[in-house]
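# Examining the three-dimensional arrangement
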Amino acid sequence: METKINESAPLAAPDSNSLQKKTKTAKRVLLAVKYVLSALFVIILIFPFLFMIMKSFMSAEETMTGVPVHFFPQHFTFANYAIIGQFMPNLINTLIIIAINATFIPLSACFVAFPLARRNFTGKKVVFSVIMSTIMIPSTVLMIPSYILFRQFGFYDKLVSQWIGAFWGGGALNIFLVIQFMRGFPREMDEAARIDGANDFQIFFYIILPLCSNIILFIAITAVNGYWMDFQGPLLYLKSESKYTVGLAFYYFYNDLLSQGSVIANEARVQLMAMSVFMSIVPMLLYFLFQDKMIGGIKLGAVKG
Amino acid sequence: MVKAKKQLSVQEQFRRSAMIRRLKSDLVCYIFLLPFFVGAVVFTAYPIILSCVYSFTDFNGAYATEWGIFNFKALFDFSLLGEAKNVFTSLGLTFLYVIVSSTVSLTLSYAFALFVRRKIPGIKVIRVLCYLPCLIPGLASGFLWTDLLGYGTATATRPASYGLFNTWLTNLGLPAFPFFSDANTAMFTLILTGIWGVGGGMIMWLAAFENIPPDLYEAADLDGASYMRKLFSITIPLSSPMIFYNLVTGLIAGLQVFGTYATYGVGEGGSLYFIAIRIYTTAFKSPYNFGLACAEGWLLFIIIAALTLLLFKTTNWVHYGDEN
């Protein structure tokens, strides 16, 4: 028996070795193919983005008809970004809107989610399904009547029209996210605090809310991104130039260019690219700063499916 | 007798105080819920009722003179005077866009996520770079695409400029492609540019894949299952709730597409005149027909509700794991 094994072992060994070698090289080739394919994908995906950045640094003469379209700037210049200076009042409007929304959307979502996540009360199931059913109402149906309503309330052409929605729970999806998150904390925390004489409001503000910082941050970032270049809301409600948000001001800038004639001047075209880069900066920065939290929030959303 | 009575009343008292405590705690819970209810009544329920009322009038933003079902009649009136032709063209365009773009982006982002899922060195960088285009705001990407895809001849809505893509095409000896400048190619172009957003879907699928227990794959490997077998027996079924969720939200959001209006307007020859844009222009462009716009909104709502219900009725392919 033993000799048999000894005999067969050296026979089998080189065979399996060469097989291993073969699979190793095959694996390497496969890996190389994967890298090449991914690189190709990535290049295709980020090419427009890179082009936007490059063109924003080109001089207007470079983009004239006759000059072949090219990728790298030949006359590198920051001059195109000067146009952003014109929009400073609009930028302030946008920042006000963002500050209020990014603060109160997550806070009010936490407030509303608290009893649903951590208390039992009469009618809980009904309330929960009412909140969830509001997801189904398309905003397009509300577009015209909301406009009329805001006119009645005197919100028309005022910045308040852009942030008044932040105080009512911040939308069903945000409430749902917070409920999912709050359910994760042990129930004993509330009971211990209650024995110490805390009421529900104290429990919420001193114990639960501080623990929600991650989900608050996630919702706040989403709110910043949503309102940073929001177009539909400002287009409907903001009519005087001093009230325009940056996005809306850019839109009218572009529209004026279109209405002036059939050809957009080269100057304006490089300026548009500078604006585009400017618009992309905020979401990019937020993403790179809070990447882990963003992914965490997406994961929390993924569980619900 | 007296003792029994006293005992009863003690019990009664106990029951009462428990009820009061219960009422109090319920009340506190509803105080927490109050913001939602105020918002829901004032900013959702009331506008919905308003919209319902206005859809039966000729309200123009200031006053109404007539009552009746003429708006709904106009919606289905295919004669020259009626709105049906316009509205159903918009609905058709919207459906075409939703079906093609969501299918394309769903399959592409899923395939992409499967591909990027492997643990190879540098995969994190690849993921971040893929997500980059999703971070460009719609307005900015609109500026960018009109620049990149510029076409030679000027039109009413699109300025003359020769973009990079057409320069490449002509350098290769091919004819220039009109992209957004032609009614026949604008929709195709819009869907094409949508592909650059697959990174967002990809990140979400990757998160969904992480929720699949790894021991399932280990067991499958022991049984010698092929890659395709694992894909169709483990990965797809176990991410099906997420696929379903994305189908529904994609459908609801897609049917209301409006953002394209910022840079592409209604498209060359109305080729991108989606229903949400039509609702907007019906109300806010002369002759300011708010009533009709409300009726159009209701038509869209009914369509969305019916399709969502239909999708929920066909969920037997969705795998919800153990029911508990």
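Residues numbered from 1 in each chain as written. Chains lettered and ligands numbered in written order. Predicted model: local features only at pLDDT ≥ 70, side-chain atom pairs only at ≥ 80, totals over all residues. Heavy atoms only, no water.

### Let's talk about the overall build of chain B
Of the regular secondary structure elements, chain B holds 14 helices and zero strands. Overall, chain B shows an N-to-C arrangement of helices and strands of α-α-α-α-α-α-α-α-α-α-α-α-α-α. Over its C-alpha atoms chain B spans a radius of gyration of 28 Å, topping by over 25% the 20 Å that the globule rule assigns to 324 residues. The C-alpha extent of chain B, read off along each of the three principal axes, is 110 × 75 × 30 Å. (Helix = DSSP H or I, 4+ residues; strand = E, 2+ residues; numbered from the N terminus. Rg over C-alpha atoms; globule rule 2.2 N^0.38 Å.)

### Examining the overall build of chain A
Summing up its helical and strand segments, chain A has 13 helices and zero strands in all. Written out in order from the N terminus, the α and β elements of chain A read α-α-α-α-α-α-α-α-α-α-α-α-α. Counting across all 305 residues of chain A, residues that qualify as buried make up 48%. Taking as baseline every contact in chain A between residues at least 6 positions apart, the subset at least 24 positions apart corresponds to 73%. Looking at chain A as shown, the accessible area adds up to about 15,300 Å², and 67% of this sits on carbon and sulfur atoms. (Buried < 20%, exposed > 50% of the residue type's maximum accessible area, 1.4 Å probe, protein only. Contact = heavy atoms within 4.5 Å. Areas by Shrake-Rupley, 256 points an atom, 1.4 Å probe, with all protein chains shown as cover.)

### Considerations on the packing of helix 3 (residues 124-133) of chain A against helix 6 (residues 172-182) of chain A
If you want to describe how two helices pack, look at the angle between their axes and the distance between the axes. Residue and element names in this part refer to chain A. Between helix 3 and helix 6, the least distance of the axes is 8 Å, while the angle of their chain directions is 135°. On the basis of the axis angle, helix 3 is oblique to helix 6. The handedness of the crossing between helix 3 and helix 6 comes out as left-handed. Contacts between helix 3 and helix 6 pair F128, I131 and M132 from the former with A172, I175, F176 and I179 from the latter. When the residues that make up the contact of helix 3 with helix 6 are grouped by side-chain class, the tally is seven nonpolar, no polar and no charged. (Axes fitted to C-alpha atoms, helices over the stretch in contact; angles between N-to-C directions. Parallel < 35°, antiparallel > 145°, perpendicular 65-115°, else oblique. Left-handed = near helix turned anticlockwise from the far one by under 90°. Nonpolar A, V, L, I, M, F, W, Y, C, P; charged D, E, K, R; others polar.)

### So, the nonpolar core
One finds I144(A), M182(A), F250(A) and M275(A) to be the most contacted residues of the largest nonpolar core, which totals 185 residues. If we skip the residues at most four places from it in the chain, M182(A) touches C110(A), A113(A), F114(A), A117(A), R118(A), F204(A), I208(A) and C212(A). (Core = buried A, V, L, I, M, F, W, Y, C linked by side-chain atoms within 4.5 Å.)

### Points about a nonpolar patch on the surface
Side chains of V29(A), V33(A), L37(A), L40(A), F41(A) and I44(A) sit close together on the surface and give an oily, nonpolar patch of about 500 Å² of accessible area. Position of V33(A) relative to the elements: it lies in helix 1 (residues 2-56). (Patch = residues over 30% accessible without salt bridge, like charges linked within 9 Å, V, L, I, M, F, W, Y side chains within 5 Å. Salt bridge = Lys/Arg side-chain N within 4 Å of Asp/Glu carboxyl O.)

### Brief notes about the packing of aromatic side chains
Inspection of the entire model under this criterion finds 65 aromatic pairs over all chains. Across the ring face of Y156(A), the terminal group of R151(A) is positioned such that the distance to the ring centre comes to 4.1 Å. It is R117(B) that lies over the ring of F209(B); its NZ or CZ is 4.7 Å from the centre. (Phe/Tyr/Trp six-rings, centres within 6.5 Å; stacked < 30°, edge-to-face > 60°. Lys NZ or Arg CZ within 6 Å of the ring centre and 35° of its normal.)

### A few points about the interface of chain B and chain A
Interface size is commonly expressed as the accessible surface area that is lost when the partners come together. Listed per partner, the contact involves 92 residues of chain B and 90 residues of chain A. Taken together, both faces of the contact between chain B and chain A bury some 8,200 Å²; the carbon and sulfur share is 79%. Between chain B and chain A we count one salt bridge in total. Here D147(B) makes a salt bridge to K55(A), at a shortest N to O gap of 2.8 Å. Inspection of the chain B/chain A interface yields seven residue pairs in polar contact (both at pLDDT 80 or more). At 22 residues, helix 1 (residues 2-54) of chain B tops the list of elements feeding residues into the side of chain B that touches chain A. (Buried area = accessible area lost by both parts, 1.4 Å probe. Polar contact = N/O pair within 3.5 Å; in protein donor to acceptor, adjacent residues only side chain to side chain.)

### Some thoughts on the environment of Y54(B)
Note that Y54(B) resides in helix 1. Residue Y54(B) is classed as buried on the basis of its relative accessible area of 13%. For the pair Y54(B) and T107(B), spaced 53 residues apart in sequence, the C-alpha separation works out to 41 Å. In contact with Y54(B), other than residues within four places in its own chain, are I148(A), F59(B), N71(B), G291(B) and C294(B).

### Quick notes on the domain arrangement of chain A
All names here are of chain A. Under the domain assignment used here, chain A contains domain 1 (2-56) and domain 2 (81-304). Contacts between domain 1 and domain 2 engage five residues on the former and nine residues on the latter. Across the domain 1 to domain 2 interface the summed buried area is about 590 Å²; carbon plus sulfur atoms make up 78%. Here domain 1 is connected to domain 2 by zero salt bridges. There are one residue pair in polar contact (both at pLDDT 80 or more) connecting domain 1 and domain 2. Here the residues of the side of domain 1 that touches domain 2 sort into three nonpolar, one polar and one charged. (Domains from an automatic or database assignment.)

### Quick notes on the confidence of the model for chain A
When pLDDT is low, close inspection of the predicted coordinates is not appropriate. Residue and element names in this part refer to chain A. On average, residues of chain A score 85 in pLDDT, and 87% of them reach the 70 mark or higher. Per-element averaging of pLDDT across chain A places helix 13 (residues 291-304) at the bottom with 68 and helix 2 (residues 88-118) at the top with 95. Scored below 50 in pLDDT, residues 1-14 makes zero contacts in the model with residues more than four places away or belonging to other chains. (pLDDT = per-residue confidence, 0-100.)

### Some words on the confidence of the model for chain B
All names here are of chain B. This prediction gives chain B a mean pLDDT of 85; 93% of its residues lie at or above 70. Mean pLDDT across the secondary structure elements of chain B bottoms out at helix 6 (residues 164-171), with 81, and peaks at helix 7 (residues 186-194), with 93. Below a pLDDT of 50 lies the segment residues 154-160, which in the model reaches 25 contacts outside its immediate sequence neighbourhood of four places, other chains included.

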